[in-house]
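Residue-level structural notes
These are the residues of each chain, in order.
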Amino acid sequence: MTSISQNLASISARVSAASRKAGREDGSVTLVAVSKTHPAEAVRAALAAGQREFGENRVQEAAAKFPALRAEFPDLRLHLIGPLQTNKAVDAVRLFDVIQSLDRPKLAASLAGAMAKLQRRPDCYIQVNIGDEPQKAGIAPALVEDFLRECRDRHGLPVVGLMCIPPVDQPPEPYFTQLRDLARRHGLTQLSMGMSGDFEAAIALGATAVRVGTAIFGERAPPAAETKA
Ligand SMILES: *Cc1c(COP(=O)(O)O)cnc(C)c1O
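This section reports on the structure supplied with the text.

Calculation rules
- Residues numbered from 1 in each chain as written.
- Predicted model: local features only at pLDDT ≥ 70, side-chain atom pairs only at ≥ 80, totals over all residues.
- Heavy atoms only, no water.
- Helix = DSSP H or I, 4+ residues; strand = E, 2+ residues; numbered from the N terminus.
- Contact = heavy atoms within 4.5 Å.
- Buried < 20%, exposed > 50% of the residue type's maximum accessible area, 1.4 Å probe, protein only.
- Near = heavy atom within 4 Å.
- Polar contact = N/O pair within 3.5 Å; in protein donor to acceptor, adjacent residues only side chain to side chain.
- Nonpolar A, V, L, I, M, F, W, Y, C, P; charged D, E, K, R; others polar.
- Disulfide = S-S within 2.5 Å.
- Phe/Tyr/Trp six-rings, centres within 6.5 Å; stacked < 30°, edge-to-face > 60°.
- Core = buried A, V, L, I, M, F, W, Y, C linked by side-chain atoms within 4.5 Å.
- Salt bridge = Lys/Arg side-chain N within 4 Å of Asp/Glu carboxyl O.

With that settled, consider the side chain of His 38. The residue His 38 is located in the loop between β1 (30-34) and α2 (40-48) in this model. Excluding residues within four positions of it along the chain, His 38 makes contact with Glu 61, Lys 65, Phe 217, Gly 218, Glu 219 and Arg 220.

Encoded structure:
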């Protein structure tokens with residue numbers, strides 16, 4: 001497990017260097033360690049190395065791994081970064097501190113109900129389908145304004161920023177730029193963009209949270225089937 005602490009040290013150093021290079025304050029970028037598919041022991045190794053922000057893409061997996069770790073590390077913060085079924089909204093609001101995958105009106109309504117029920121309000125990011133890809137989750141860029149209004153005015157959701165996963169087969173910079181401009185236009189300060197392969201480019205373009213899995217925890221086994229959280 002020492003490799004996890006080494007990887008974390010090297011990625012943290014690269015995050016700091018990229019922040020400085022972009023003229024941004026140290027600490028202005030949150031490194032979210034994406035631990036999906038990796039066992040609790042891997043998370044524990046990262047916690048031992050001082051990492052506190054983690055990302056998971058499935059409610060069930062996070063529910064199995066994190067409550068015990070949270071009891072030991074109360075300052076741990078858990079981000080949901082994968083698609084969420086409305087019938088798991090209550091579980092997600094109970095378990096996560098940040099929900100980065102708010103991607104459709106029906107989910108906005110379910111999250112609002114869950115927050116009212118539990119009296120707990122995780123920060124939300126609207127997931128934007130920044131490449132307008134038909135197969136991908138997220139709100140089309142052209143619809144972000146209406147959706148943001150619906151989330152805030154109709155449902156009272158604490159929307160703090162935007163999240164995106166750019167198309168895999170193209171340079172990400174134009175998409176990061178587009179997400180940044182979209183966030184600025186709507187007065188949103190938080191930008192979740194950048195993964196193992198492109199987090200430095202994302203930081204240069206204003207990311208406030210980067211989601212890094214493979215570069216910290218190693219390769220993941222391929223998923224058996226695509227299922228929603
Ligand atoms: C898995 C995942 C990541 C991490 O990707 P890596 O390439 O392993 O760093 C980031 N964001 C989302 C939404 C993911 O599902």
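Among the structural elements, Gly 156 can be located in the loop between α6 (144-154) and β6 (159-164). Residue Gly 156 is classed as partly exposed on the basis of its relative accessible area of 30%. Between the C-alpha atoms of Gly 156 and Ala 112, which are 44 residues apart in sequence, the distance is 7.2 Å. The residues touching Gly 156, leaving out its near neighbours within four places in the chain, are Arg 121 and Cys 151.

Let us look at the site of the ligand. The local shell around the ligand consists of Val 34, Lys 36, Ile 81, Ile 165, Met 195, Ser 196, Arg 211, Val 212, Gly 213, Thr 214 and Arg 220. Between the ligand and the protein, one listed contact pairs an oxygen atom with a side-chain N or O atom of Lys 36 at 2.6 Å. Taking Thr 214, its side chain carries an N or O atom lying 2.5 Å from an oxygen atom of the ligand. A breakdown of the residues in the shell around the ligand according to their chemical character gives 5 nonpolar, 3 polar and 3 charged.

Tallied over the entire structure, the rule returns 0 disulfides. Distance from the sulfur of Cys 124, which forms no disulfide, to the nearest cysteine sulfur (Cys 151) is 7.6 Å. In this structure Cys 124 comes out as buried when scored by relative accessible area, which is 0%.

Inspection of the entire model under this criterion finds 1 aromatic pair. Relative to Phe 66, the ring of Phe 54 has its centre 5.9 Å away and its plane inclined at 50°; by these criteria the two rings are tilted. With Phe 54 in strand β2 (residues 53-56) and Phe 66 in helix α3 (residues 59-72), the pair connects residues that are 12 residues apart, well separated along the chain. With relative accessibility at 0%, the residue Phe 66 sits in the buried group.

Attention now moves to unusual backbone geometry. Positive phi values are uncommon outside glycine, yet Thr 37 reaches one of about 70°. Inspection of the secondary structure puts Thr 37 in the loop between β1 and α2. Given the relative accessible area of 45%, Thr 37 is considered partly exposed.

The next subject is the nonpolar core. In terms of nonpolar packing, the biggest core is built from 66 residues, with Phe 54, Leu 102, Leu 111 and Leu 162 touching the most fellow members. Of all the elements, helix α5 (residues 105-118) adds the most residues to this core, at 6 residues. The residues contacting Leu 162, other than those within four sequence positions of it, are Tyr 125, Ile 126, Val 128, Val 144, Leu 179, Leu 182, Ala 183, Leu 188, Gln 190, Leu 191 and Ser 192. The next biggest cluster of nonpolar side chains, apart from the first, holds 5 residues, and it includes Val 32, Tyr 125, Met 163 and Ala 209.

Applying the stated criterion to the full structure yields 15 salt bridges. One salt bridge in this structure joins Asp 97 and Arg 70, with 3.0 Å as the shortest N-O distance. Taken together, the residues Asp 97 in the loop between α4 (89-95) and β4 (98-102) and Arg 70 in helix α3 connect sequence positions 27 residues apart. Among the salt bridges present, the one from Lys 136 reaches Glu 133, with a minimum N-O distance of 2.9 Å. Looking at Lys 136, the relative accessible area reads 22%, which means it is partly exposed. For Glu 133, a relative accessible area of 15% puts it in the buried group.

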